[in-house]
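# Per-entry structural report
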Amino acid sequence: MHLPKSICGDITTMQGCISGERHLSRCFTASHACNYKVRQRPFQNRAPHIRCRARAQTQDPLMVRAARGEEIERPPCWMMRQAGRYQQAYRDLAKKYPSFRERSETTDLIVEISLQPWKSFKPDGVILFSDILTPLPAFGVPFEIDDVKGPLIANPVRSLQQVHQLQSIDLEQLQFVGDALTCLRQEVDGKAAVLGFVGSPWTLATYVIEGSSSGLYKTIKTMMHSNPDLLAALLSHLAEQIAVYSVYQIDSGAQCIQLFDSWGGQLAPQMWDKWSGPYIQQIVQHVKAEHPSVPITLYANGSGGLIERLARTGADVIGLDWTLDMADARSRLQKEGNPAVQGNIDPVMLFADQDSIASAVRDCITKAGPRGHILNLGHGVLVGTPEENVAFMFDTAKQSAYKQALVA
């Protein structure tokens, strides 16, 4: 792996960190230099220039044990988008570094932002601050992010020739991800699980084909019928690259992988069976072949009609949005091997009074049962959410001991 020739202490001078490299793509600054020693799998330090020092863990973090369905003392809790604009600390940092690409592709900023909710709330999971589109340039799909329009891809993939021009993922271009995960493992020090995450092939394809965010997905949905071979070739390539990227995150320190099929709920069930499910299953099988004990959580927004299908992919944990009753979801999933579940408090509930929040948390925990449940929102934390209510939900979860734990 190519290593930096210098360590930079000032973001504004990073252009010279690595000869010939953009400062956003791989520069590790001194502010989060981790003092690790290289460890063996399942945690391999992919950043050997960061000397690692970590205490041996006698027990996996609570969230990992919950994902495996083990008996635990209370439900672990983390929140999607727990690092973000609702936090004053994030808004302050974003003023100093206004580019999202800079914040999400510079190692020390990734680490700092990922740790902001950890320092404030001590969640049971600390997720990498990144974006599902982050790996695209590493296999030949450059993109930009417009502050108003969101992600923009100048040359959407709409021909087989373009698919054939895509390359295998170059993990050296994603070294900032590996370095950040390595650092997070040391910073959290076994007190919470470190989560990596990736986007599903279908969800990534919606951006790669449409060229931007879409509300209708007209181009890609039309392609399902007008040029199915093209779409299948692209999805297959995406699945191969994201599988490799997932393993890389685990090798770098991730203890769980969150797989977002964000726009899978936009597909009719029979279309999901053809255009999303098989490619997710391909990723799961690849990751499990390398790391059979690392849990994979699969989340698809608006997936109330799909949760049985999500379970058939082989994912360990099924993320539920807030439109599902937890008891109903548990009953339906019991017929599909009874996987663990994650969720599913309505994000808007965090704008309510704390008695209502506590009631919603208790209802969710009771219906989910004492095994295989990771408490979370049914979607990400919303902008404007009061930080004190986020703290209250975490505190409520930590005080919610399961009965068998009390008896023991």
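Structural data are supplied above this passage.
### As for the overall build of the protein
A tally of regular secondary structure across the protein gives 16 helices and 9 strands. Counting all 408 residues of the protein, 56% fall into the buried class. Taking the contacts inside the protein whose residues are at least 6 apart along the sequence as the reference set, 73% of them involve residues at least 24 apart. Accessible surface for the protein amounts to roughly 16700 Å². Of this, 49% is attributable to carbon and sulfur atoms.

### Description of the sheet that holds strand β6 (residues 296-299)
Strand pairing in a sheet relies on backbone hydrogen bonds, with the paired strands running either antiparallel or parallel. The parallel open sheet is built from 7 strands, whose spatial order is β1-β4-β5-β6-β7-β8-β9. The sheet terminates laterally at β1 (125-127) and β9 (373-377), the two strands that pair on one side only. Neighbour to neighbour, the strand axes of the sheet diverge by 25 degrees on average, direction disregarded. Relative to strand β7 (residues 317-319), β6 is paired through 3 bridges, and the arrangement is parallel.

### Brief notes about the packing of aromatic side chains
Geometry of an aromatic ring pair is reported as the spacing of the ring centres plus the angle between the planes. Under the definition given, this model contains 6 aromatic pairs. Considering the side-chain rings of Tyr217 and Trp263, the 6.0 Å spacing of their centres and the 40 degrees angle between planes classify their relative orientation as tilted. Here Tyr217 is found in the loop between α7 (201-210) and α8 (218-226), whereas its partner Trp263 is found in the loop between β5 (256-260) and α10 (269-275), with 46 residues between them in sequence. Aromatic rings pair up to connect Tyr90, Phe100 and Phe129 into one cluster. Across the ring face of Phe143, the terminal group of Arg101 is positioned such that the distance to the ring centre comes to 4.2 Å. For Lys122, the ring lying beneath its charged end belongs to Trp118, and the centroid distance is 4.9 Å.

### Section: the side chain of Thr297
With respect to the secondary-structure elements, Thr297 resides in strand β6. Excluding residues within four positions of it along the chain, Thr297 makes contact with Ile257, Gln258, Leu259, Val317, Gly319 and Gln342.

### Examining the packing of α7 against helix α9 (residues 228-252)
Where α7 contacts α9, the two axes come as close as 9 Å, and the packing angle between them is 120 degrees. Between α7 and α9, the angle falls in the class oblique. Considering only the axes of α7 and α9, their crossing is right-handed. Note on element contacts: α9 touches α7 through Leu231, Leu234, Leu235, Leu238, Ala239 and Ile242, opposite Pro201, Trp202, Leu204, Ala205, Val208 and Ile209. In the contact of α7 with α9, the residues fall into 12 nonpolar, no polar and no charged.

### Section: the environment of Trp272
Its location among the elements puts Trp272 in helix α10. For Trp272, a relative accessible area of 2% puts it in the buried group. Residues Trp272 and Arg309, spaced 37 residues apart in sequence, show a C-alpha to C-alpha distance of 8.6 Å. Beyond its immediate stretch of four places on either side in the chain, Trp272 contacts Asp261, Gly264, Leu267, Gly277, Pro278, Ile280, Leu306, Arg309, Leu310 and Thr313.

### What to know about helix α2 (residues 88-96)
Residues of α2 that are buried: Tyr90, Leu93 and Ala94. Buried residues of α2 fall within an arc of 105 degrees about the axis and therefore sit on the same side. Exposed side chains of α2 directed beyond 90 degrees from the buried face belong to Lys95 and Lys96. As for α2, its buried residues are in contact with α3 (100-104) and α4 (107-121).

### Side note on the pairing of β9
Taken across its 5 residues, β9 has 5 buried, putting it largely inside the fold. Residues His373, Leu375 and Leu377 line one face of β9 and the alternating positions Ile374 and Asn376 line the opposite face, and both faces are buried. Note that strand β8 (residues 340-345) and β9 share 5 bridges and pair parallel. Its bridge partner lying in β9, Ile345 is registered against Leu377. Remark: the β8/helix α14 (residues 354-368)/β9 crossover connection has right-handed handedness.

### Some thoughts on helix α6 (residues 175-188)
A rise of 1.5 Å per residue sets the reference length of α6, with its 14 residues, at 20 Å; its end C-alpha atoms lie 20 Å apart and thus fit the reference within 8%. For α6, a buried count of 13 out of 14 residues is recorded, marking the element as mostly surrounded by other parts of the structure.

### Examining the nonpolar core
The tendency in soluble globular proteins is for nonpolar side chains to be buried as a group. In this structure, Leu231, Leu234, Leu375 and Met393 are the most contacted members of the largest nonpolar core, which totals 124 residues. With 12 residues, α9 is the largest single contributor of residues to this core. Residues contacting Met393, with those up to four places away along its chain left out, are Cys77, Met79, Ile345, Leu350, Ile357, Val361, Leu375, Asn376 and Leu377.

### What about the pattern of salt bridges?
Under the defined criterion, the tally for this structure stands at 14 salt bridges. The salt bridge partner of Asp124 is Arg74, with a shortest N-O separation of 2.9 Å. Of the two residues, Asp124 is situated in the loop between α4 and β1 and Arg74 in the loop between α1 (62-67) and α2; the sequence distance between them amounts to 50 residues. Given the relative accessible area of 15%, Arg74 is considered buried. Between Arg332 and Glu308 there is a salt bridge, with its nearest N and O atoms 2.7 Å apart. Here Glu308 lies in helix α12 (residues 307-311) and Arg332 lies in helix α13 (residues 326-334), a separation of 24 residues in the sequence. With relative accessibility at 18%, the residue Glu308 sits in the buried group.

Analysis parameters
- Residues numbered from 1 in each chain as written.
- Predicted model: local features only at pLDDT ≥ 70, side-chain atom pairs only at ≥ 80, totals over all residues.
- Heavy atoms only, no water.
- Helix = DSSP H or I, 4+ residues; strand = E, 2+ residues; numbered from the N terminus.
- Buried < 20%, exposed > 50% of the residue type's maximum accessible area, 1.4 Å probe, protein only.
- Contact = heavy atoms within 4.5 Å.
- Areas by Shrake-Rupley, 256 points an atom, 1.4 Å probe, with all protein chains shown as cover.
- Pairing = 2+ DSSP bridges.
- Axes fitted to C-alpha atoms, helices over the stretch in contact; angles between N-to-C directions.
- Phe/Tyr/Trp six-rings, centres within 6.5 Å; stacked < 30°, edge-to-face > 60°.
- Lys NZ or Arg CZ within 6 Å of the ring centre and 35° of its normal.
- Parallel < 35°, antiparallel > 145°, perpendicular 65-115°, else oblique.
- Left-handed = near helix turned anticlockwise from the far one by under 90°.
- Nonpolar A, V, L, I, M, F, W, Y, C, P; charged D, E, K, R; others polar.
- Arc of directions from axis to C-beta.
- Right-handed = clockwise from strand over helix to strand, strands pointing away.
- Expected span 1.5 Å × (residues − 1).
- Core = buried A, V, L, I, M, F, W, Y, C linked by side-chain atoms within 4.5 Å.
- Salt bridge = Lys/Arg side-chain N within 4 Å of Asp/Glu carboxyl O.

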